[in-house]
Each structure stands twice: as C-alpha cells, then as structure tokens.
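So the chains spell out like this:
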Amino acid sequence: MHSFGYRANALLTYALTILALMCTIASFSDNFNFPSPSVEIQVLNFNWFQKQPHGNDEVSLTMNITADLQSLFTWNTKQLFIFVAAEYETPQNSLNQVSLWDAIIPAKEHAKFWFQTANKGSNLRGKEFNLTLHWHVMPKTGKMLADKLVMSGFRLPEEYR
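Residues numbered from 1 in each chain as written. Predicted model: local features only at pLDDT ≥ 70, side-chain atom pairs only at ≥ 80, totals over all residues. Heavy atoms only, no water.

Looking at an unreviewed UniProt entry, one finds the protein chain named Signal peptidase complex subunit 3, with Salix purpurea as its source organism. Word for word, the UniProt comment on the protein chain under Subcellular location (unreviewed entry) is "Endoplasmic reticulum membrane". For the protein chain, the Sequence similarities (unreviewed entry) comment in UniProt is given as "Belongs to the SPCS3 family." (UniProt positions renumbered as here; feature names shortened; annotations may be inferred.)

Here is the structure:
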C-alpha cells in the first residue's frame, strides 16, 4: 500500500504535467493566427516648430490615429502594448526613433479606436520621417510577439515657426 505522501506527490506531478501540456498547446495555437491589422495615421498640423536654447529642434504635432487591431487578439492574448514612433536617419545613426504616443489595450473590444493627440519630438528639422505603429502581443502563456506597420512620406518644414 502506498502512503499518503506518495499518492499526493503522484497526483501533483500528474496535474502539473497536464497543465504544462495545456500551456504548450495554447502557445503553439498562436502560430495559426494570421492577423491583418489596419492602421491610418494622419498628421493634421505642426503646432509649433522651434529651436530650443540648448540647440535641439522641438516640434509639436497633432495627429489622428485610426486603427483596427482586433485581429491581433486570440483566446491566448492577455493585452497589447502599442506605440507610435517617428523614425528618421542621420549621418551618425541609420535609425533614430522618437516615441510619440503609447497605449495598453487590455481587451479585443478596445482594439478598434480613433485617437487624436499632440506630441513633441526633437532633432527632426527638415527631415523626412516615417510614422511607425509598433505592437507587442502579450500572451497568457508562451512567447511575446512583436510587429509593426510603417507609414512613410512625412517631412518636417525647414524653417522654424
């Protein structure tokens, strides 16, 4: 006859093995999701564009962000972390990023939105830049996934206002 401790150990080991198997299957099932998010970012206005006393350029801009990220959600998704970054090149660096806006989307119901914001950035005088929406899908179990959509064709004025 087996002791109580031996039986409890066997039951706990069996339960944890089943839980690990279920987590593995849940994580693996995300590989079959092929999301198709849609995003549109419009720069409505450059509110101001000036040189700061210490030499950097400062810009404040107003933009509309319209997005439908519902396809990123599966039953294994806990939340999304999203942010919009202005990306540009300089002679010193091939990629410079300025984060303009970020949000955490906790549920699929909140993944379709329209947002207007005013933001500041620096060192963008006369630069062509891309606005890029980055997202990180945080699952309940498994590895975190990241992707982005790039919208190009934006340029800041050469002259201060």
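Having put the structure on the table, let's press on.
K.L.:
Could you give an account of the sheet that holds strand β3 (residues 77-88), naming the residues involved and the relevant values?
P.N.:
Strand order in this open sheet of four strands is β4-β3-β6-β7, and the pairing throughout is antiparallel. The open sheet terminates on both sides in strands that have one partner only, identified here as β4 (96-105) and β7 (145-155). Across this sheet, the average inter-strand angle for adjacent strands is 20°, counted without regard to direction. When β3 meets β4, the two strands line up antiparallel, connected through nine bridges. Within the sheet, the bridge partner assigned to F81 lies in β4 and is I104. (Pairing = 2+ DSSP bridges. Helix = DSSP H or I, 4+ residues; strand = E, 2+ residues; numbered from the N terminus. Axes fitted to C-alpha atoms, helices over the stretch in contact; angles between N-to-C directions.)

K.L.:
Outline the side chain of T132, listing residues and values.
P.N.:
Mapped onto the elements of the fold, T132 is located in strand β6 (residues 128-139). For T132, a relative accessible area of 0% puts it in the buried group. For T132, the side chain forms a polar contact with the side chain of E87, separated by 3.0 Å. In this view, T132 contacts F83, V84, A85, E87, K148, L149 and V150; residues no more than four positions away in its chain are not counted. (Buried < 20%, exposed > 50% of the residue type's maximum accessible area, 1.4 Å probe, protein only. Polar contact = N/O pair within 3.5 Å; in protein donor to acceptor, adjacent residues only side chain to side chain. Contact = heavy atoms within 4.5 Å.)

K.L.:
Would you mind going over the pairing of strand β2 (residues 57-68) in detail, with residue names and values included?
P.N.:
Counting buried positions along β2 yields 10 of 12 residues, so the element is predominantly enclosed. Strand direction decides the pairing type here: strand β1 (residues 38-51) and β2, joined by 12 bridges, are antiparallel. Bridged to Q50 within β2 is E58.

K.L.:
Explain the nonpolar core residue by residue, including any values.
P.N.:
What tends to happen in soluble globular proteins is that the nonpolar side chains get buried as a cluster. In terms of nonpolar packing, the biggest core is built from 32 residues, with M63, L69, I82, V84 and L131 touching the most fellow members. When residues of this core are traced back to their parent elements, those giving at least two are β1, β2, β3, β4, β6 and β7. Filtering out sequence-adjacent residues up to four positions away, L69 remains in contact with P37, V39, L80, I82, I105, A111, F113 and L133. (Core = buried A, V, L, I, M, F, W, Y, C linked by side-chain atoms within 4.5 Å.)

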